[in-house]
Amino acid sequence: MGAEHDTSILSSIRVVLLGYIDHFTNTNAYYLVSLVVPVLIGISGLLRDTQNQWAVRALSVPILIIALVQGYRSGRPFGIKISCTPTHLVSGKREPDKPSESRNNILIQNNSTKIHGEIQLIRFNNSFDIRFDSSSEIGVELETKPRSEHSYDPESNRLSCADVSERRFPIKLDVYPQGSVQAAGRYHSMTIRDSKTGHILTDFEVIDVRT
Amino acid sequence: MAETNLRKASASTDRLEDSLRGGSQGQVSIDSVSSRTVEPMVKQYPFATQEIIQGRLIYEEESEYTAGRTIPIDFEFRTGSSLFLTEVQTDISSIDSVATQLAEAASSDLKVYRNLHAPEDALWDFLLTADRILEITVLDEGQEVPYNEVDGVDQEEVVREYAIENASVGFVEDGHEIFVEYRGGSLQVETDWEQGREYIIQIFEREVLSE
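Residues numbered from 1 in each chain as written. Chains lettered and ligands numbered in written order. Predicted model: local features only at pLDDT ≥ 70, side-chain atom pairs only at ≥ 80, totals over all residues. Heavy atoms only, no water.

A. Inspection of the overall build of chain B at higher detail. Per the secondary structure count, chain B includes five helices and 12 strands. The C-alpha radius of gyration computed for chain B amounts to 18 Å, which stays within 12% of the reference 17 Å derived for 211 residues, consistent with globular compactness. Taking all 211 residues of chain B together, 53% fall into the buried category. At a minimum sequence separation of 6, the contacts of chain B that also span at least 24 residues come to 61%. Working note: accessible area of chain B is about 9900 Å², and carbon and sulfur atoms make up 40% of it. Within chain B, one finds 16 positive and 44 negative side-chain charges whose respective centroids are separated by 7 Å. (Helix = DSSP H or I, 4+ residues; strand = E, 2+ residues; numbered from the N terminus. Rg over C-alpha atoms; globule rule 2.2 N^0.38 Å. Buried < 20%, exposed > 50% of the residue type's maximum accessible area, 1.4 Å probe, protein only. Contact = heavy atoms within 4.5 Å. Areas by Shrake-Rupley, 256 points an atom, 1.4 Å probe, with all protein chains shown as cover. Lys, Arg positive; Asp, Glu negative; His and termini not counted. Charge placed at Lys NZ, Arg CZ, Asp CG, Glu CD.)

Printed below as a string of structure tokens:
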């Protein structure tokens, strides 16, 4: 029930709504609705019979509902937030790479780049099941499993927990090249996805800047 | 002083000893392989019957400036806890490369990961049982800071919560000193005590790696 690091109810609702709206306004269903509904309302204005007017306007409702439901299904889960900061070593000390973070990039400068992240589940979400994916020329691996109660399978690169006792915890990822720049090229990608739906929770462009 | 490096591995065969025997890949060639059953040294040891595949490999280190070195490295795979160890007397630049080539030399029946995948909270518990804590640094939004100097956060709140970056601790057992360092996702053990390495590894297996 009450896990550690619970966000407030208001904050949890806000996270879910903002995430949903952000996703929904980019779906095709949204564009369709934003075209079709005004057209229907316009057509209804041209009709003489009041009953017919309302009948046409009422058509908007199922269209809107279908679009909203489709938006939810194509974008979920909304109850998990992942934030990541790429880091680098400066005189032997680890520091955040702010320029890369602002551009959503991860730079590969040697054979290991560490990403420090945080996962926050909203108040009513007790479980998660995420997967770390990368394009084939780079690898990504967790350095540590965040909590003993979590399960990490390095083969499928899946981190999950069915019933968390802490809703916020840090993660540390190891991103590394699997070949030379000549063989593998410079531009790659890394994504963190929800395992069940395959939907992207966060993604990065990975740039190999080695010579 | 010998340096022992620990990381996670997995074997996809019961006959790993045979797969390793006589194998070679790139700069790595396997000199000898044998197996033994572990001898428990600590109380409530959860892997009391585990088989340990051990051996020696020869690593041909290349150098741009000199003729390069031939370095013998002792290795061990502990089948119960899935730990992979290498022990080397001198400093070499990349154990990662050695581990990868060794795994390939075993015709891919052995997979050695880059990190320990130890649960972070259990790792904290293990480090805090040390007799001397020399240094523990954590990551605060990607910035490395000592664990008792996190801005606005008490030490008690940091422990078991924040991601560890580096840790150096000392254990004293029977008058012997064992120096343990956690860095870059793997554990290093240094000690002059012959059984010290096995002792601390068993403690680590019991405290961190058993469910």
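Still to come is the rest of the account.
B. Broad picture of the overall build of chain A. In terms of helices and strands, chain A carries six helices and 11 strands. A compact globule built from 211 residues would reach a C-alpha radius of gyration of about 17 Å, whereas chain A, at 22 Å, exceeds it by more than 25%. Principal-axis analysis of the C-alpha atoms places the extent of chain A at approximately 75 × 45 × 30 Å. In chain A, of all internal contacts separated by at least 6 residues, the share reaching a separation of at least 24 is 69%. Counting only carbon and sulfur atoms, one obtains 55% of the accessible surface of chain A, whose full area is about 11300 Å². In chain A, the 23 positive side-chain charges and the 23 negative ones have mean positions that sit 5 Å from each other.

C. Fine view of the side chain of aspartate 208 of chain A. Residue and element names in this part refer to chain A. You can see aspartate 208 is positioned in strand β11 (residues 200-208). Taking relative accessible area as the criterion, aspartate 208 reaches 2% and is therefore assigned buried. Of the polar contacts made by the side chain of aspartate 208, one reaches the side chain of arginine 210; its length is 2.9 Å. The residues contacting aspartate 208, other than those within four sequence positions of it, are Ile108, Pro177, Val181, Gly185, Arg186 and His188. (Polar contact = N/O pair within 3.5 Å; in protein donor to acceptor, adjacent residues only side chain to side chain.)

D. Examining a negative patch on the surface more closely. Residues Glu4 of chain A together with Asp154, Glu156 and Glu157 of chain B make up a contiguous surface patch of negative charge. Here glutamate 156 of chain B shows up in helix α4 (residues 155-158). (Patch = residues over 30% accessible without salt bridge, like charges linked within 9 Å, V, L, I, M, F, W, Y side chains within 5 Å. Salt bridge = Lys/Arg side-chain N within 4 Å of Asp/Glu carboxyl O.)

E. Broad picture of the packing of helix α2 (residues 28-46) of chain A against helix α4 (residues 60-75) of chain A. Residues and elements named next belong to chain A. Their axes nearest at 10 Å, the elements α2 and α4 cross at an angle of 170°. Viewed along their axes, α2 and α4 adopt a mutual orientation that is roughly antiparallel. Contacts from Ala29, Val33, Val36, Val37 and Leu40 in α2 reach Ser60, Ile63, Leu64, Ala67 and Gln70 in α4. Per-class residue counts for the contact of α2 with α4 are eight nonpolar, two polar and no charged. (Axes fitted to C-alpha atoms, helices over the stretch in contact; angles between N-to-C directions. Parallel < 35°, antiparallel > 145°, perpendicular 65-115°, else oblique. Nonpolar A, V, L, I, M, F, W, Y, C, P; charged D, E, K, R; others polar.)

F. Broad picture of the sheet that holds strand β6 (residues 138-142) of chain A. All names here are of chain A. If you trace the five strands from one edge of the open sheet to the other, you get β2-β1-β4-β9-β6, paired in antiparallel fashion. Every interior strand has two partners, whereas the edge strands, β2 (93-96) and β6, have only one. Sheet twist, expressed as the mean angle between neighbouring strand axes with direction ignored, is 30°. Pairing analysis gives four bridges linking strand β1 (residues 80-90) to β2, with the strands arranged antiparallel. Counted as the bridge partner of valine 90 is lysine 93 from β2. (Pairing = 2+ DSSP bridges.)

G. Examining the sheet that holds strand β5 (residues 128-134) of chain A more closely. All names here are of chain A. Here we have six strands laid out as an open sheet, ordered β3-β11-β10-β5-β8-β7, and mixed in their pairing. If you trace the sheet from one side to the other, it starts and ends with β3 (105-108) and β7 (151-153), each paired once. The sheet shows a mean angle of 20° between the axes of neighbouring strands, direction not considered.

H. View of the packing of aromatic side chains. All names here are of chain B. Under the criterion given, the structure shown has 11 aromatic pairs over all chains. Aromatic pair tyrosine 45 and phenylalanine 47: ring centres 6.1 Å apart, planes at 80°, arrangement edge-to-face. Exposure remark for tyrosine 45: the relative accessible area of 8% places this residue in the buried category. Judged by centre distance (5.8 Å) and plane angle (45°), the rings of tryptophan 193 and tyrosine 199 are tilted. (Phe/Tyr/Trp six-rings, centres within 6.5 Å; stacked < 30°, edge-to-face > 60°.)

I. How the structure looks around unusual backbone geometry. With an omega of 10°, the peptide bond running from arginine 76 of chain A to proline 77 of chain A counts as cis. Relative to the assigned elements, proline 77 of chain A resides in the loop between α4 and β1. We note that glutamate 141 of chain B has phi near 50°; this positive angle belongs to a residue other than glycine. Relative to the assigned elements, glutamate 141 of chain B resides in the loop between β8 (132-140) and β9 (143-146).

J. Structural context of the nonpolar core. Residues and elements named next belong to chain B. Counting 41 residues, the largest nonpolar core has Leu6, Phe126, Ile200 and Phe204 as its most contacted members. Looking at this core, the elements that each hand over two or more residues are β6 (83-88), α3 (120-128), β8, β10 (164-173), β11 (176-183), β12 (186-191) and α5 (196-209). With seven residues, the top contributor of residues to this core is α5. Ignoring anything within four residues of it in the chain, the contact list for leucine 6 reads Leu83, Phe84, Leu85, Leu116, Ser186, Leu187, Val189, Ile201 and Phe204. (Core = buried A, V, L, I, M, F, W, Y, C linked by side-chain atoms within 4.5 Å.)

K. Region of interest: the packing of helix α1 (residues 9-24) of chain A against α4 of chain A. Residues and elements named next belong to chain A. At a minimum axis separation of 9 Å, α1 and α4 run at an interaxial angle of 105°. Relative to α4, α1 is oriented roughly perpendicular. For the pair α1 and α4, the contacting residues are Tyr20, His23 and Phe24 in the first and Ala67, Leu68, Val69, Gly71, Tyr72, Ser74 and Gly75 in the second. Counted by class, the contact of α1 with α4 contains six nonpolar, four polar and no charged residues.

L. Here's a closer look at the environment of glutamine 25 of chain B. Residues and elements named next belong to chain B. Here glutamine 25 is to be found in strand β2 (residues 24-25). When the C-alpha positions of glutamine 25 and alanine 105 are compared, they lie 5.0 Å apart, and in sequence the two are 80 residues distant. Not counting the four nearest positions on each side in its chain, glutamine 25 is found in contact with Gln101, Glu104 and Ala105. Polar side-chain contacts of glutamine 25 include one of 3.2 Å to the side chain of glutamate 104.

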